[in-house]
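Coordinate analysis (summary)
Chain by chain, the residues:
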Amino acid sequence: MADYQHIYEHHADRYDVLVSHEDHEGQLARALLELVPGDGLEVVETGAGTGRLTRLFAPRARRVHAFDGAAAMIDVARRRFEDAPHVHCGVARHHALPLQGIEADVALEGWAFGHAVSWNPDGWRDDVRAWVAELERVLRPNGTVLLIETMGTGVETPFFGGHSLEPFHDFVVNALGFSHRVVRTDYRFESVETAAQTLGFFFGERLAARVRDEGWRVVPECTGVYWRKTVTPPGR
Ligand SMILES: C[S@@+](CC[C@H](N)C(=O)[O-])C[C@H]1O[C@@H](n2cnc3c(N)ncnc32)[C@H](O)[C@@H]1O
């Protein structure tokens, strides 16, 4: 398995190139618009990385607070949004977002919480529960928590052939009560070799070899979108 921490700390630009090829049909963007419609949104994001999801929300946001634990990733995001003063990017970890007294409309993470399954095999459920609570802390009543996680790259069916994030899916849906849907976020590249090299850098040589064998310029991917509304306390 790739050393993801190393990638986030030392190869943020390369990561950004990878995700710029993802969701070439814009299916995730459409799903997010359906789930969180409207303009003038206050948005909080943790594990924002180089700003792939931030970019989808920024055009219809009043303010965006985007955080990531890796300074190199946030540097790329800062460059991306240097002409967008309503987007604030900072370094922070999921469990302690440096925000007080705000009531956001949506608080989200994408492809970040799922790392806990391999990084903290014995305690990831407690981590995810605490991180969701931290997202809820900065939300208004009836705001939306959004989680986005992979269900497999190089597959057309979620978790086809087994996947380490199946327990994450079960936990979020069955224990935390999130609704969910599946979207295709297929990658598109200029050539098979670019696809193999760009995906191989992050997902490893096995996927790179498969891309070459299949002759894929368009590489299938399934992504889970999970959402839950915060409860409105009586009398508010
Ligand atoms: C796969 S990247 C996803 C980045 C971005 N959301 C995207 O869609 O491209 C995972 C990100 O989660 C961040 N991350 C992982 N654990 C974290 C934690 N405990 N606190 C803050 N950021 C974390 C990493 O630094 C990395 O940028």
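Above this text you will find the structure in question.
Residues numbered from 1 in each chain as written. Predicted model: local features only at pLDDT ≥ 70, side-chain atom pairs only at ≥ 80, totals over all residues. Heavy atoms only, no water.

Check the secondary structure of the chain and you find ten helices and nine strands. In terms of C-alpha radius of gyration, the chain reaches 17 Å, essentially the compact-globule figure of 18 Å for 236 residues. In terms of overall dimensions, the chain has a C-alpha envelope of 60 × 40 × 30 Å along the principal axes. For the chain, with 236 residues in total, the buried portion stands at 53%. Sequence separation of at least 24 residues holds for 73% of the intrachain contacts in the chain that already meet a minimum separation of 6. Averaging the positions of the 25 positive and the 34 negative side-chain charges in the chain gives two centres separated by 4 Å. (Helix = DSSP H or I, 4+ residues; strand = E, 2+ residues; numbered from the N terminus. Rg over C-alpha atoms; globule rule 2.2 N^0.38 Å. Buried < 20%, exposed > 50% of the residue type's maximum accessible area, 1.4 Å probe, protein only. Contact = heavy atoms within 4.5 Å. Lys, Arg positive; Asp, Glu negative; His and termini not counted. Charge placed at Lys NZ, Arg CZ, Asp CG, Glu CD.)

So, on to the nonpolar core. Within the largest apolar cluster, 32 residues are counted, with the highest numbers of intra-cluster contacts made by Val-44, Phe-113, Val-128, Leu-147, Phe-168 and Phe-178. Elements with a contribution of two residues or more to this core: strand S4 (104-110), helix H6 (116-119), helix H7 (124-137), strand S5 (139-153), helix H8 (166-175) and strand S9 (221-229). A per-element tally of this core places H7 first, with five residues. What Val-44 contacts, discounting residues up to four positions off in sequence, is His-65, Leu-97, Leu-99, Ile-102, Ala-104, Val-106, Ala-107, Leu-108 and Val-138. Core analysis: the next-biggest nonpolar cluster, separate from the first, contains 27 residues, Leu-32, Val-64, Cys-89 and Val-183 among them. (Core = buried A, V, L, I, M, F, W, Y, C linked by side-chain atoms within 4.5 Å.)

It is worth spelling out the site of the ligand at this point. Around the ligand lies a shell of 18 residues, among which Tyr-15, Gly-47, Arg-52, Asp-68 and Gly-110 are the nearest. With respect to the ligand, the backbone of Gly-47 contributes an N or O atom lying 2.7 Å from a nitrogen atom. Within the side chain of Arg-52, one N or O atom sits 2.5 Å away from an oxygen atom of the ligand. Contact with the protein chains removes 95% of the 600 Å² of surface that the ligand exposes when unbound. Its residues placed into classes, the shell around the ligand shows nine nonpolar, six polar and three charged. (Near = heavy atom within 4 Å. Polar contact = N/O pair within 3.5 Å; in protein donor to acceptor, adjacent residues only side chain to side chain. Areas by Shrake-Rupley, 256 points an atom, 1.4 Å probe, with all protein chains shown as cover. Nonpolar A, V, L, I, M, F, W, Y, C, P; charged D, E, K, R; others polar.)

Another point: unusual backbone geometry. Positive phi outside glycine occurs at Asp-23, with the angle close to 55°. Among the residues examined, Asp-23 registers a relative accessible area of 15% and is labelled buried. Residue Asn-142 is not a glycine yet carries a positive backbone phi of 65°.

This part is about the side chain of Glu-42. Note that Glu-42 resides in strand S1 (residues 41-46). In this structure Glu-42 touches Arg-62, Arg-63, His-65, Ile-102, Ala-104, Asp-105 and Val-106, once residues within four positions along its chain are discounted.

Using the criterion set out here, one finds 14 salt bridges in the structure. Here Glu-42 ties to Arg-62 by a salt bridge, and the two come within 3.4 Å at their closest N and O atoms. One end of the pair, Glu-42, is in strand S1; the other, Arg-62, is in strand S2 (residues 61-68), and 20 residues separate them in sequence. A residue is classified by how much of its surface remains accessible, and Glu-42, at 4% relative accessible area, is buried. Taking relative accessible area as the criterion, Arg-62 reaches 46% and is therefore assigned partly exposed. (Salt bridge = Lys/Arg side-chain N within 4 Å of Asp/Glu carboxyl O.)

Pairing is mixed across the open sheet formed by seven strands, whose spatial order is S3-S2-S1-S4-S5-S9-S6. Both outer strands of the open sheet, strand S3 (87-91) and strand S6 (179-184), are each paired with one neighbouring strand and no more. Within the sheet, the average angular offset between the axes of one strand and its neighbour, ignoring direction, is 20°. Note: S4 against S5, six bridges, orientation parallel. Each bridged residue has a counterpart across the sheet, and for Gly-110 the counterpart in S5 is Ile-148. Sitting on the sheet, H7 touches S1, S4, S5 and S9, and the angle it makes with S5 is about 140°. (Pairing = 2+ DSSP bridges. Axes fitted to C-alpha atoms, helices over the stretch in contact; angles between N-to-C directions.)

Moving on, we come to the environment of Arg-52. Its place among the elements puts Arg-52 in the loop between S1 and helix H4 (54-57). For the pair Arg-52 and Glu-22, spaced 30 residues apart in the sequence, the C-alpha separation amounts to 9.6 Å. Each residue touching Arg-52, except ones within four places of it in the same chain, is listed here: Tyr-15, Val-19, Glu-22 and Trp-111. At 3.1 Å, the side chain of Arg-52 and the side chain of Tyr-15 are in polar contact.

Everything listed is a geometric property; what it means functionally is a separate question.
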